[in-house]
Amino acid sequence: MTRKFYITTPIYYVNARPHIGHAYTTIACDTIARRQRLLGADTFFLTGTDEHGQKIERAAQAAGKTPQQYADEISAEFRQLWKRMGISNDDFIRTTEDRHKKRVQELFRKIRDNGYIYKGTYTGQYCVSDELYVDGAHPGDPCPTCGRITETVHEENYFFKLSAFQDKLLALYANPEFIRPEARRNEVISFVRSGLRDQSISRSTFIWGIPVPDDPKHVIYVWLDALANYITAIGYGSSHAGAQEAFKKFWPADVQMIGKEIVRFHCVYWPAFLMAAGLPVPKTIVAHGWLLFEESKMSKSRGNIVRTETILDVLGADALRYFLLREVVFGQDGSFSFDALVQRYNSDLANGLGNLASRTLTMINRYFKGEVPYPSHAASKTAADDAIANAARNTIREFGTLFDQFQFSRALEVAWALIASVDKYIVENEPWALGEKKDEDSRSRLATVLYTAAEALRIATALAYPVMPDATAKIWVQLGLGDIKKLALDELTWGQLPLGTKLGEVQPVFPRADKSAVERMQKMEEDQRAAPVVEAPAATAVTTGQPNATPTSTAAAPAAAPAANDKISIDDFAKIELRVGLVKVAERVPKADKLLRLEIDIGTEVRQVLAGIAEAYAPETLVGRKVVIVANLAPRKLRGMESNGMIVAASLEGGKPVLAGFLEDVPVGARLK
Ligand code: MSP
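All values derive from a computational prediction rather than experimental measurement. (Residues numbered from 1 in each chain as written. Predicted model: local features only at pLDDT ≥ 70, side-chain atom pairs only at ≥ 80, totals over all residues. Heavy atoms only, no water.)

> Could you give me a rundown of the site of the ligand, with the residues and numbers involved?
Neighbouring the ligand are 26 residues; Ile 11, Asp 50, Glu 261, Leu 291 and Met 298 lie closest to it. Contacts to the ligand include Asp 50, whose side-chain N or O atom sits 2.7 Å from a nitrogen atom. Burial of the ligand by the surrounding chains reaches 95%, relative to a free accessible area of 660 Å². Going through the elements one at a time, β2 (12-13), α1 (20-38), α7 (222-227), α8 (229-232) and β13 (255-259) are the ones with two or more residues in the shell around the ligand. If you tally residues by element for the shell around the ligand, the top one is α1, at four residues. Residues of the shell around the ligand, tallied by class, amount to 14 nonpolar, nine polar and three charged. (Near = heavy atom within 4 Å. Polar contact = N/O pair within 3.5 Å; in protein donor to acceptor, adjacent residues only side chain to side chain. Areas by Shrake-Rupley, 256 points an atom, 1.4 Å probe, with all protein chains shown as cover. Helix = DSSP H or I, 4+ residues; strand = E, 2+ residues; numbered from the N terminus. Nonpolar A, V, L, I, M, F, W, Y, C, P; charged D, E, K, R; others polar.)

> Give me the sheet that holds strand β10 (residues 202-203): which residues, what numbers.
Sheet architecture is open: three strands sit in the order β10-β12-β11, paired in antiparallel fashion. Taken across any chain shown, the strands that pair with only one partner, and hence form the sheet edges, are β10 and β11 (211-212). Pairing geometry for β10 and strand β12 (residues 215-220), over two bridges, is antiparallel. Note on β12: the bridge partner recorded for Arg 203 is Val 219. (Pairing = 2+ DSSP bridges.)

> Lay out the pairing of strand β4 (residues 91-94) in plain terms, naming residues and giving numbers.
Side chains Asp 91 and Ile 93 project from β4 onto one buried face, and the interleaved Phe 92 and Arg 94 project onto a second face that is buried too. Sheet topology note: the strand β3 (residues 42-50)/β4 ladder contains four bridges and is parallel. Opposite Thr 49, over in β4, you have Arg 94 as the bridge partner. (Buried < 20%, exposed > 50% of the residue type's maximum accessible area, 1.4 Å probe, protein only.)

> For the sheet that holds strand β7 (residues 151-160), give the residues involved together with the corresponding values.
Strand order in this open sheet of four strands is β6-β5-β7-β9, and the pairing throughout is antiparallel. One side of each edge strand has no neighbouring strand; the edge strands of this open sheet are β6 (132-134) and β9 (199-200). Bridging between strand β5 (residues 117-127) and β7 involves 10 bridges; their strand directions are antiparallel. Counterpart to Ile 117 in the pairing with β7 is Phe 160.

> Any chance you could break down the domain arrangement of the chain for me, citing the residues and the numbers?
Domain assignment breaks the chain into domain 1 (4-301), domain 2 (313-491) and domain 3 (576-672). Just the C-alpha atoms count here: the centres of domain 1 and domain 3 sit 34 Å apart. Each partner contributes residues to the interface: domain 1 has nine residues there, and domain 3 has 10 residues. Between domain 1 and domain 3, roughly 910 Å² of surface is buried when both sides are summed, and carbon and sulfur atoms account for 44% of that area. By the criterion of area lost to domain 3, the three top residues of domain 1 are Arg 148, Ile 149 and Ser 301, representing 43% of everything that side buries. Linking domain 1 with domain 3 are zero salt bridges. Counting across the domain 1 and domain 3 interface gives two residue pairs in polar contact (both at pLDDT 80 or more). Partitioning the side of domain 1 that touches domain 3 into residue classes produces four nonpolar, two polar and three charged. (Domains from an automatic or database assignment. Contact = heavy atoms within 4.5 Å. Buried area = accessible area lost by both parts, 1.4 Å probe. Salt bridge = Lys/Arg side-chain N within 4 Å of Asp/Glu carboxyl O.)

> Quick rundown of helix α19 (residues 516-529)? Include the residues and the values.
Between its first and last C-alpha atoms α19 spans 20 Å; for 14 residues at 1.5 Å apiece the expected length is 20 Å, and the two agree. Here α19 has its buried residues at Ala 517, Val 518, Met 521, Glu 525 and Arg 529. The arc enclosing the buried residues of α19, seen along the axis, measures out at 110°, which places them on a common side. Tucked into the core, α19 has its buried residues touching β15 (291-293), α11 (308-314), α13 (338-368), β23 (636-638) and β24 (641-643). (Expected span 1.5 Å × (residues − 1). Arc of directions from axis to C-beta.)

> Describe the nonpolar core, listing the residues and the values that go with them.
Counting 123 residues, the largest nonpolar core has Phe 336 and Trp 416 as the members making the most contacts within it. Looking at which element gives the most residues to this core, the answer is α13, with 15 residues. Counting residues domain by domain, this core receives three or more from each of domain 1 (4-301) and domain 2 (313-491). Beyond its immediate stretch of four places on either side in the chain, Trp 416 contacts Tyr 322, Asp 348, Leu 349, Leu 353, Ala 464 and Met 468. Phe 178, Ile 262, Phe 273 and Ile 285 belong to the second-largest nonpolar core, a separate cluster that totals 71 residues. (Core = buried A, V, L, I, M, F, W, Y, C linked by side-chain atoms within 4.5 Å.)

Structure (structure tokens):
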């Protein structure tokens, strides 16, 4: 019977546009799914978008859209991007789809019928950004995960009896395969050992969610809703026979890949929900580290994201896929930089695999009329040929072991070591010199050398396919082997390259990138962040992020330009989104006397703002202070840093700024109208 393989990515929040941090999780899963297909498994690869919850509701409101419109747009962006990146998902689930909503309600019912849900009252702190209840926190306390200020909630809720699962969960973690890597497993074990409290699993103060069955005043807690996608997508809770069959076939998942910040949800809540519903738990949950950019986690709120499109435009999807899996040690954090990307591209792809393919195939064209030569009689063989064959056999084995342990970077290192040995072998055996000689022995030796090189190329290409599906498919065709997707990877071994195969047309697969590639990509990213800034009337009382505090208006300003009588309409004013922000971090900017770098929590996210107020305010006096921020101002770069918003201040004579504030307490994120 065919082995099945079910792999999932987390579903992506639609409050942020996709960036390469998201692409990282998806690429890792895609690579595994592709390898499994070639190994003969009946594979199902799921991804999708997470579209409910207060965070999305607020983000949509801030964008002046309905949550559904907002989710539709961003979900479509994820889907299009995954297509461009060659992601081979078998389904894309959206939590706002009917199939999901109905099946989540089924799951809720099941857990309730099994006696694990009761009604109670929750009073405590909640982090909207992480959609996380923060036990033990007090009003004004920050979220332990993201540092944003928590909000106090007092609600009648449905509770899940998480406390009933402590022992069962610990028993589950005894299996070292359940959570990987080991360090994450240890964290989870100590968290669960310290005691589990029942978990609120409904909200009643907003409506953007799935109604609790039989009590639609409540919506189901967004994490229960979201986690359930892994089973609703493959048919759980459906009355349809085909869907039930699919669920029976694919559940439990073989691999659930996640980033390290959502380990608790996946390794504690998720298996507990499943056990409460009487369902099996996933076989393995694998947590990867973060992609850092400019030394911190790449994220929308930090404003340090790199868009995937930029890299796709300049170097293509395979380059990004290879780079992320080769450069970052899986499980650990890794830094992204355009320099490192281009360097790796040139050394490993243009000069490595690409060069091996083009030199080997070009010589076969030239010396053997484009047909794979026969490695002739034994006398023409040397120990070096056998060494390559043995290295290739070992590479197949080691690559498989490392890859299946999620050590992508080591696996690729091993495959590229084979490429390096073949390069060396070619240099040492000088096929170009043999090609000039016409005697029988030289001809036979040349055939052996080029056959050996081509066979090693075939093996390296086959192994690299899951990581770089596009380029390897091209090399496969150039080798005359047809469709690489038909390759039986489990049978891959030395010596399968059919002799006499007619090569396809030889073309370079990875053209060398010159220095300007880095600049081009950097510029594309900067252009994307910067937006036109229009000079505003000098009378404006807004402190800008500019060192000289020259007042500027928002990007919306042209439309809001004063009418002939110098008045604007209420609609014009409504275009400016003013919000209450809380200063979390304030520091001087080196070599800029007037400039402070601030991190300001505006309820839905933390923004970096550069403000020209350093002469009037010492940074330490600002931390914890509430300010007014223009939240929908187009970001701009100052001193190489992005300023994403503007603080509002009165401008006294001589230009001294005085920050706007409130006499009464106001919640962070409140809009000024
Ligand atoms: N919606 C939740 C997941 C629900 S799953 C039932 C969520 N979404 S997310 O969009 O914030 O993150 C999705 C995935 O992208 C996570 O695995 C996360 O770790 C990954 N990444 C987002 N930014 C990242 C980096 N900068 N680096 C690496 N991965 C990161 O969490």
